[in-house]
Amino acid sequence: MYRGASVGSPPTGVSVVGVYEVDHSEVPLINVSTRGKVLTGNDVMIGGFVIQGDKPQTVAIVATGPSLSQYGVTGVLANPTLTLVRSSDQSVLATNDDWQSAPNAAQIQASGFAPSHMLESAVLATLPPGAYTAIVSGANGGTGVAVVAVYSLR
């Protein structure tokens, strides 16, 4: 039992999980995702990822909320907004609310990674090597459960 936790109640808090390919670089990681509660202020969902190597890579970053209810998830984030940030200088590279409004919506659709619900968000970008952050917040201060996923389009 965790110190301070009462019997029957799980501990809560913020955690970080890292996934690294170290043994078989010829078999690259092509997707990473996480599900969590999106709140407001500093309590939004943050997913970090790194583009390795010496060449740019095209990725699809998707924030889902409403479509999760079909899988029995309750309290979903009704309208997720996605922001892509370059970690080295905190520059906002892209933001999207409602994937079909993205300037490259046709390419998102063609990639096979378009969200199934029109209120969900997606960014398709070709990024140089470096560290990036995908931030999921709720439009108009909304809160709820969401998933953020990053897919490599190799």
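Quantities reported herein were computed from a predicted structural model and do not represent experimental measurements.

**Q** Outline the pairing of strand E4 (residues 80–86), supporting the account with residue identities and numerical values.
**A** Among the 7 residues that make up E4, 6 are buried, leaving the element largely enclosed by the rest of the structure. Pairing between E4 and strand E7 (residues 130–138): 7 bridges, direction antiparallel. Looking at the pairing, Val-85 lines up with Thr-133 of E7.

**Q** Which residues make up the nonpolar core, and what are the values?
**A** Core analysis: the biggest nonpolar cluster contains 19 residues, and Phe-49, Ile-61, Leu-82, Leu-84, Leu-127 and Val-136 have the highest contact counts within it. If you list the elements that add at least two residues to this core, you get strand E2 (45–51), strand E3 (57–64), E4, strand E6 (121–127), E7 and strand E8 (144–152). In contact with Phe-49, other than residues within four places in its own chain, are Val-59, Ile-61, Leu-84, Leu-127, Gly-130, Ala-131, Tyr-132 and Val-150. Counting residues in hydrophobic clusters, the runner-up holds 8 residues, among them Ala-60, Trp-99, Ala-102 and Leu-124.

**Q** How would you explain the sheet that holds strand E5 (residues 91–97) if you had to name every residue and give the values?
**A** Sheet strands line up and pair through hydrogen bonds in the backbone, either parallel or antiparallel. The antiparallel open sheet is built from 4 strands, whose spatial order is E2-E7-E4-E5. Only two strands of the sheet have a single partner each, and these edge strands are E2 and E5. Neighbour to neighbour, the strand axes of the sheet diverge by 20° on average, direction disregarded. Of the strand pairs in this sheet, E2 and E7 are connected by 7 bridges, and their pairing is antiparallel. Opposite Met-45, over in E7, you have Val-136 as the bridge partner.

Scoring rules and cut-offs
- Residues numbered from 1 in each chain as written.
- Predicted model: local features only at pLDDT ≥ 70, side-chain atom pairs only at ≥ 80, totals over all residues.
- Heavy atoms only, no water.
- Buried < 20%, exposed > 50% of the residue type's maximum accessible area, 1.4 Å probe, protein only.
- Helix = DSSP H or I, 4+ residues; strand = E, 2+ residues; numbered from the N terminus.
- Pairing = 2+ DSSP bridges.
- Core = buried A, V, L, I, M, F, W, Y, C linked by side-chain atoms within 4.5 Å.
- Contact = heavy atoms within 4.5 Å.
- Axes fitted to C-alpha atoms, helices over the stretch in contact; angles between N-to-C directions.

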